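Close look at the chain arrangement
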Amino acid sequence: MKNLKIIFSALVLLLVVQVRAQDGKVAYSGEWERESRWTTFEGSWQIVKTGDTYTVVLGDDFEAKKAPDLKIFLSKAPLDDISGKNAVKLGDPVLVAKLTSYEGKASYVIPAGINPADYA
């Protein structure tokens, strides 16, 4: 098992993942249950690989308390080093997308050329 860090702008989440990278299959998966000063998150997530494209898929059980300007990032920084103040600067972060849904299933394509394994 490897660790993959996905960040919501003011919130840092360390996710335990399972590697099963095959086309159209789950490459990584995990669960969130986290609070921050600005919001809370809980629920499942997956990163699905189809061809050369990776997509972050939030589960039906995903819930986030609304907060301003929430974004999904991948980061190479160790979880203990990341805070809301440096989350978008430390660890060569990559913006995946702005969060568009605060509840239930949603999908966000990871930018082309980005391999989530580089952030594990």
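Here, every reference points to the structure presented above.
Residues numbered from 1 in each chain as written. Predicted model: local features only at pLDDT ≥ 70, side-chain atom pairs only at ≥ 80, totals over all residues. Heavy atoms only, no water.

With that settled, the discussion passes to the nonpolar core. Formed by 23 residues in total, the largest nonpolar core has its most connected members in Leu58, Val96, Leu99 and Tyr108. Going through the elements one at a time, strand 3 (25–35), strand 4 (40–50), strand 5 (53–58), strand 7 (71–74), strand 8 (94–98) and strand 9 (106–109) are the ones with two or more residues in this core. (Core = buried A, V, L, I, M, F, W, Y, C linked by side-chain atoms within 4.5 Å. Buried < 20%, exposed > 50% of the residue type's maximum accessible area, 1.4 Å probe, protein only. Helix = DSSP H or I, 4+ residues; strand = E, 2+ residues; numbered from the N terminus.)

Let's shift gears to the packing of aromatic side chains. Inspection of the entire model under this criterion finds zero aromatic pairs. We note Lys76 situated over the ring of Tyr119; from NZ or CZ to the ring centre the distance is 5.3 Å. (Phe/Tyr/Trp six-rings, centres within 6.5 Å; stacked < 30°, edge-to-face > 60°. Lys NZ or Arg CZ within 6 Å of the ring centre and 35° of its normal.)

Turning to the side chain of Ser75, a few remarks are in order. Note on placement: Ser75 falls in the loop between strand 7 and strand 8. Here the side chain of Ser75 touches Ala77 through a polar contact of 3.2 Å, landing on its backbone nitrogen. Here Leu90 takes part through its backbone oxygen, which lies 3.3 Å from a polar atom of the side chain of Ser75. (Polar contact = N/O pair within 3.5 Å; in protein donor to acceptor, adjacent residues only side chain to side chain.)

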